[in-house]
Protein chains: 4
Amino acid sequence: MTNTQVTLVQIDNYGPWTVTPEPRREADLQTLQSRLYADISQFVGNRGGYTFFTRFDNIIAVTNGLSMDDHELLQESVGNRYPVTLSLGVATGTTPVQALADATALIQEAGSAQDKSRRECLDGRTIEDGHRTTDDVQIAHFDVIDATGNYTDELNAFDTFIEIEQGYAELMRHMRHAHDSLSFFVGGDNIIVTCPDLTEGDYEDAIFHVEEAVGVELQVGVGRGENAHDAGFDAKHALETCRADGTRVELEWK
Amino acid sequence: MTNTQVTLVQIDNYGPWTVTPEPRREADLQTLQSRLYADISQFVGNRGGYTFFTRFDNIIAVTNGLSMDDHELLQESVGNRYPVTLSLGVATGTTPVQALADATALIQEAGSAQDKSRRECLDGRTIEDGHRTTDDVQIAHFDVIDATGNYTDELNAFDTFIEIEQGYAELMRHMRHAHDSLSFFVGGDNIIVTCPDLTEGDYEDAIFHVEEAVGVELQVGVGRGENAHDAGFDAKHALETCRADGTRVELEWK
Amino acid sequence: MTNTQVTLVQIDNYGPWTVTPEPRREADLQTLQSRLYADISQFVGNRGGYTFFTRFDNIIAVTNGLSMDDHELLQESVGNRYPVTLSLGVATGTTPVQALADATALIQEAGSAQDKSRRECLDGRTIEDGHRTTDDVQIAHFDVIDATGNYTDELNAFDTFIEIEQGYAELMRHMRHAHDSLSFFVGGDNIIVTCPDLTEGDYEDAIFHVEEAVGVELQVGVGRGENAHDAGFDAKHALETCRADGTRVELEWK
Amino acid sequence: MTNTQVTLVQIDNYGPWTVTPEPRREADLQTLQSRLYADISQFVGNRGGYTFFTRFDNIIAVTNGLSMDDHELLQESVGNRYPVTLSLGVATGTTPVQALADATALIQEAGSAQDKSRRECLDGRTIEDGHRTTDDVQIAHFDVIDATGNYTDELNAFDTFIEIEQGYAELMRHMRHAHDSLSFFVGGDNIIVTCPDLTEGDYEDAIFHVEEAVGVELQVGVGRGENAHDAGFDAKHALETCRADGTRVELEWK
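Residues numbered from 1 in each chain as written. Chains lettered and ligands numbered in written order. Predicted model: local features only at pLDDT ≥ 70, side-chain atom pairs only at ≥ 80, totals over all residues. Heavy atoms only, no water.

**Q** Hey, could you go over the pairing of strand E3 (residues 58-62) of chain C for me, with residue numbers and the actual values?
**A** Residues and elements named next belong to chain C. Of all five residues that make up E3, five are buried, and the element is covered over most of its length. Neither face of E3 is left uncovered, since the one carrying Asn58, Ile60 and Val62 and the one carrying Ile59 and Ala61 both have all their residues buried. Here strand E1 (residues 4-11) runs beside E3; their pairing, made up of five bridges, is antiparallel. Looking across to E3, one finds that Val9 is bridged to Ile59. Looking at chain direction, strand E2 (residues 50-52) and E3 are connected through three bridges and run antiparallel. Each bridged residue has a counterpart across the sheet, and for Phe52 the counterpart in E3 is Ile60. Hairpin geometry of E2 and E3 is characterised by an intervening segment of five residues between the two adjacent antiparallel strands and by a positive phi of about 50 degrees at Thr54. (Buried < 20%, exposed > 50% of the residue type's maximum accessible area, 1.4 Å probe, protein only. Helix = DSSP H or I, 4+ residues; strand = E, 2+ residues; numbered from the N terminus. Pairing = 2+ DSSP bridges.)

**Q** I'd like to hear about the pattern of salt bridges, residue by residue, with values.
**A** Applying the stated rule across the entire model yields 60 salt bridges over all chains. Note that Asp12 of chain C and Arg118 of chain C form a salt bridge whose closest N and O atoms lie 3.0 Å from each other. Here Asp12 of chain C is found in the loop between E1 and helix H1 (14-18), whereas its partner Arg118 of chain C is found in the loop between helix H4 (96-110) and strand E5 (122-124), with 106 residues between them in sequence. Per residue, the accessibility class of Asp12 of chain C equals that of Arg118 of chain C, and both read buried. Asp143 of chain D is the partner of Arg243 of chain D in a salt bridge, and the nearest nitrogen-oxygen pair spans 2.5 Å. Of this pair, Arg243 of chain D sits in helix H8 (residues 228-245) while Asp143 of chain D is found in strand E6 (residues 137-144), placing the two residues 100 residues apart along the sequence. A relative accessible area of 40% places Arg243 of chain D in the partly exposed class. Residue classification places Asp143 of chain D among the buried residues on the basis of a relative accessible area of 3%. (Salt bridge = Lys/Arg side-chain N within 4 Å of Asp/Glu carboxyl O.)

**Q** Tell me about the domain arrangement of chain A, and name the residues and values.
**A** How big an interface is tends to be stated in terms of accessible area lost as the parts join. Residue and element names in this part refer to chain A. If you check the domain split of chain A, you get domain 1 (4-131) and domain 2 (137-251). The C-alpha-based centres of domain 1 and domain 2 are spaced at 25 Å. Listed as interface residues are 15 residues of domain 1 and, on the opposing side, 20 residues of domain 2. Interface area for domain 1 against domain 2, summed over the two sides, is near 1,400 Å², with a carbon-plus-sulfur share of 77%. On the domain 1 side of the contact with domain 2, Tyr50, Phe52 and Val97 bury the most area, a combined 42% of that side's loss. Counting across the interface, domain 1 meets domain 2 through three residue pairs in polar contact (both at pLDDT 80 or more). (Domains from an automatic or database assignment. Contact = heavy atoms within 4.5 Å. Buried area = accessible area lost by both parts, 1.4 Å probe. Polar contact = N/O pair within 3.5 Å; in protein donor to acceptor, adjacent residues only side chain to side chain.)

**Q** Mind laying out a negative patch on the surface, listing which residues take part and the relevant values?
**A** Residues and elements named next belong to chain A. On the surface, Asp69, Glu72, Glu76 and Glu120 cluster together into a negatively charged patch. By the secondary structure assignment, Glu76 is in helix H3 (residues 68-81). For Glu76, a relative accessible area of 35% gives the class partly exposed. (Patch = residues over 30% accessible without salt bridge, like charges linked within 9 Å, V, L, I, M, F, W, Y side chains within 5 Å. Areas by Shrake-Rupley, 256 points an atom, 1.4 Å probe, with all protein chains shown as cover. Lys, Arg positive; Asp, Glu negative; His and termini not counted. Charge placed at Lys NZ, Arg CZ, Asp CG, Glu CD.)

Right, dumping it as structure tokens:
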């Protein structure tokens, strides 16, 4: 049974900061957001977690393996090197959505995202070392079948992008509502989803649903592990099996 | 009349590189993609352009003000500092979609995105200095009305994200098909769109369409200029007017 | 008694890479070197260590608290994100110079710095958790007394720089030959030294020696700890005491 | 006749910032300093200039080709993305030291480096486009003859570093006092010097002086150009000639 530890990272008072005293150059905001995300990805990733850029001012991470001290260090390091600060909420749950909802509530209770007095909140709980198992995290790595042949080398780059966005928008809603899962576009034609215990049939349904709804053909590799990196790396290997064998769903532990 | 210069930046042979000789750590790919995007954003932004992360292996930029020599320098600098290389296609057009389609075709003609012998292509044309006008670029900056009050402080962070994604997916298709425009989510609740000459009515229609289709309420500030930064900065100011006055559409040049 | 764990990080085949097939833009080499150093500083620093840029192609770190698995992860992450790779040698010793000499020998035995077939060597040993003590690391943080008043606000910026460089060059040789210590300029007017067990008298001698030799007046705060961060943070506080009280040498544990 | 444009970049109020309200983690300061330097190196380098990290809180650049508007943009961009701000002084002179002295004076007149009310000063003048010539900048690129064979593969990494530091300290003082030149260690065994019009004999003297004083054997390639990149790239090629032919001094324009 999965036990996903989810962290919500929210930049404090970001909206007002971006326009005070005047609006800031957009290219600079994009650079700041991307580099901040990259730093969080390295910090969390080096401890076995996965970080998803999400909305950039609100970033969601699967943090099994990180302690509250680790979260505090991340917060301190960012506070030392950026013109903004972070609030962090950490929670665990039998489904990723439940954990994320609890993590969000911790931050919301501390104060509004645009409350200038709410700074560097840190609240929540992590899974104690003795209670971690290799079933805690289930990661599904979807990609579009032959995106390069069907889209990238054929359509203009924006129409290719639209197809992939529509596929993502459909999958994200389906996986959240049907399976309490959190889906994230990670670049190219790849979507990574953190799931509770799902079956091969659940993944086949998801693929069928997206193909029916928007005409985008997905395949998926799924892995399990004690943390997101272990689960996700197995999922990547399972996806290679899909590519090699032409299958649509591969579970690495079968 | 707009004359948008669009550059498509495509990482050479990226898909195969990410899994050769073995799949690479996901957190490292995310960090690499984000930092590469941030560097391109700085380079282009420091010359008055706007860069949108799009799919990270395919990045779209509005590059009025950049010459072919500038593009060549960007390509050389990235080649010196990253384990991947870039191909660049540059084109102009009376609509952004037309320019982007031509830019894409230049790269597609050079070779597949996964053709390992296609490296560092650079092709296209820029607008000569003497032919540039302050009408060349039209930028519309949309955001969700009171996203913080309606979503961020109320829903869990993923459900907020779903709302914003659905709003974006709807707007992107509408603006592309009805108005040959290119729309990009840029973080938070913000979407920046590069447009041809559109009217106040066109923007009202777009907002109405998105509200009807998915229930997300947008407002928009629009600016014009010789380059994306000038147009976009005016658009940001127009958006501040929406916030202050409670209006839905503001054109900075009225 | 100190037990310093030192890691030598050496970029593989860097000299040839910088000029093959042609020399590369100097500004790009500087950017690459600095960002690679910054990443190593974050990775090591987040585990309680200190990293010194040294010669940029050869970087020295005090890595008490990092395991061989941590070193392997650092190597893998850099290999995924940079156009160069790293070799790492790790050793411990009762003096920092001894540890650094052993770490260097491990890499030299694997192959020349310009041997293109020597890639990603990883060799050495770390201190086992059960054997670590709060005396393992001694860090001395020197700075120039009132550098701002005496130099920065008075001389041209290069003549200020010369004074500080001469002070550093003198201190580094003295501390290495008299005390088997490793000294590193870390910016501004600051020099951080990793030492074996030294006495207040040893530090007074060092300060006297530098003042006699080149006329630069230093003060120093010293700390001890289980890792470089703990020792160094105490040293920073001790230095604040020097500034507040006008003393030349402060040991935080007295 | 050279006409070097030099910019002094000074972080505002940095010393106090690093210890307010408490000292900050050293690894974070190192990361911040290095990444800020890397960004300045890219900005200046993309316009044909060279940037030297110097003391990190005081950075010296050769900026022929950059206008005052360029300097203002750099200042604005850093202010948007870092927790610190920059003051910039720009000057030109027939010798680099003269230009640097004037640039320094501009900032000193605006206020102390630790005056918390002195923020984002920008003062000075650049060379007008019509007055630039291909003789404006002379760059000399020194390196240690066979550093790898003589030092890196033979001595421990700190003793190698000491040798190179001593060579640098000697060369920097000689070139400043005898030739009004600014010398900077740039990593590895490389030192780049920005000079006025010097002769082959001047470079031979410098090499002889360093060898006599500290026993370090240097070779040098020299180039001239309208900006630092042009001059420096020629210098790199001249240095390759030294390596190939075994000569000690090569001037690229002979």
